[in-house]
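As a plain string of letters, each chain reads:
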Amino acid sequence: MSLNKLTNTIESIKEISEKHIVDISREDLKIIIQNIKDAFRHKDYAKLKEKIDNITKTFVINWKNENTFFVKKIISNININKGIPLPVLSICGEGTREIRFTKYLSYFLNPQKEHGLKDKFLKAVLEHECGNAGLSPNWYGNCIVISEIYLGEIREEHKSINCYGDIGIIGEDFIIIIEQKILSSESDHPDTDLGQLERYNIALKNNLEFSDKKQIKIYLTPDGKQEIDIHGWLPMTHREIINRGIKLLKLESISNVGRENLLRLLIDLAIGPYEVLENTLDEIVYIANKLMNEKFNLRMALKFNRLIEENEQVIKLLLEG
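Below is a short write-up of the structure.

Quick notes on the rules
- Residues numbered from 1 in each chain as written.
- Predicted model: local features only at pLDDT ≥ 70, side-chain atom pairs only at ≥ 80, totals over all residues.
- Heavy atoms only, no water.
- Helix = DSSP H or I, 4+ residues; strand = E, 2+ residues; numbered from the N terminus.
- Polar contact = N/O pair within 3.5 Å; in protein donor to acceptor, adjacent residues only side chain to side chain.
- Pairing = 2+ DSSP bridges.
- Axes fitted to C-alpha atoms, helices over the stretch in contact; angles between N-to-C directions.
- Contact = heavy atoms within 4.5 Å.
- Buried < 20%, exposed > 50% of the residue type's maximum accessible area, 1.4 Å probe, protein only.
- Parallel < 35°, antiparallel > 145°, perpendicular 65-115°, else oblique.
- Left-handed = near helix turned anticlockwise from the far one by under 90°.
- Nonpolar A, V, L, I, M, F, W, Y, C, P; charged D, E, K, R; others polar.
- Phe/Tyr/Trp six-rings, centres within 6.5 Å; stacked < 30°, edge-to-face > 60°.

Within the secondary structure layout, Lys181 lies in the loop between strand 3 (174–180) and helix 7 (196–206). Looking at Lys181, its side chain comes within polar contact range of the side chain of Gln196, at 3.1 Å.

A few words now on the sheet that holds strand 5 (residues 234–237). Within the open sheet, the five strands sit side by side as 1-2-3-4-5. Their pairing is mixed. With partners counted over all chains shown, the strands left at the sheet margins are strand 1 (144–156) and strand 5, one partner each. The mean inter-strand angle of the sheet, taken between neighbouring strand axes irrespective of direction, is 40 degrees. Relative to strand 4 (residues 214–221), strand 3 runs parallel, the two sharing seven bridges. The partner of Ile175 across the bridge, within strand 4, is Gln215. Packing against the sheet, helix 7 makes contact with strand 1, strand 2 (159–170), strand 3 and strand 4, and its axis sits at approximately 90 degrees to strand 1.

Along helix 7, the residues classified as buried are Gln196, Leu197, Arg199, Tyr200, Asn201, Ala203 and Leu204. Looking at the buried positions of helix 7, the neighbouring elements they touch are strand 1, strand 2, strand 3 and strand 4.

We now examine the packing of helix 8 (residues 238–249) against helix 9 (residues 256–271). Viewed as axis vectors pointing N to C, helix 8 and helix 9 meet at an angle of 160 degrees, and their least axial separation amounts to 10 Å. With respect to helix 9, the axis of helix 8 lies roughly antiparallel. Handedness of the crossing formed by helix 8 with helix 9: left-handed. In this structure, helix 8 contributes His238, Ile241, Ile242, Gly245, Ile246, Leu248 and Leu249 to the contact, and helix 9 contributes Arg259, Leu262, Leu263, Leu266, Leu269 and Ala270. A per-class count over the contact of helix 8 with helix 9 returns 10 nonpolar, two polar and one charged.

With that settled, the discussion passes to unusual backbone geometry. Phi is positive for Asn142, which is not a glycine, with a value near 60 degrees. Assignment of secondary structure puts Asn142 in the loop between helix 6 (120–132) and strand 1. On the basis of relative accessible area, Asn142 is assigned to the exposed category, the value being 72%. The residue His231 is not glycine, and still its phi comes out positive at about 50 degrees. When you line up the elements, His231 lands in the loop between strand 4 and strand 5.

Another point: the packing of aromatic side chains. Tallied over the full model, the rule gives 10 aromatic pairs. Between the aromatic rings of Phe70 and Phe304, the centroid separation amounts to 6.3 Å while the plane-to-plane angle is 65 degrees, which identifies the pairing as edge-to-face. With Phe70 in helix 3 (residues 45–77) and Phe304 in helix 11 (residues 298–310), this residue pair connects regions lying 234 residues apart in the sequence. Judged by relative accessible area, Phe70 falls into the partly exposed class, the value being 26%. Each ring, one from Trp139 and one from Tyr140, has its centre 5.6 Å from the other, and the planes form 90 degrees; the classification is edge-to-face. Across the pair, exposure class does not vary: Trp139 and Tyr140 are buried alike.

Structure below.
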């Protein structure tokens, strides 16, 4: 490779880094730099080093411009020593237990419970789906919320199979069923080859109590990664509930008790089965302080970005909630 051609290549890399700096990882930079080193003869190393230094300086300047405000916000708003809202199920090691987690969510969806939110959380979580289904604007009034709701039965080879959904929300002319899966997939049944959601569809169709009602069927998972056909059920993720809950947290009409309770629920949803919080937050705040108070360290900056990306929902809740 000629010196002129290599110089043009470096300038192109520099231009790309200035425009898309957030997409360049530490490993990418190492590969770029090593390739340039390999292409150069020893006598050109001084010029090479100067160009590499310029690329690095550009990266650092852009990173600081992009992240300094956010890093300072982390430092000023997250203080483990002063305490954080406690995610009830996750700290008890119950974040992966679907039954307990479903009852917890069902409690907050129920306007009759003493969580301090009345019907606001129910409305916030399901308003989009209910609007698309054509329900009346005040659909959430006088709803009945049931955990482990009986959906009906199906018949298979002279056997009766009872079907129960995780959460049922019954209105005058509609029923909403939420089936939640955290670490598992659809449950099999020894007496049929039908999948769980298929069985539920048949049971609802045959149940005279629900067959004439509008049916909104929701399949809830932490991240929305389904490898199965969900047979007409609407996919929903914990992330969607969290984002809708954050909007609710910002309302002035929410009581302090309701806000604190909701924040704990949303943090539980954000952590889910991953069981990360205090140690990770400690590390994020530690790195943030290092980046602001000591000489810039590229490795730390990239690790900070990775930790923020991996814990985006929890960070968002703590900063905005």
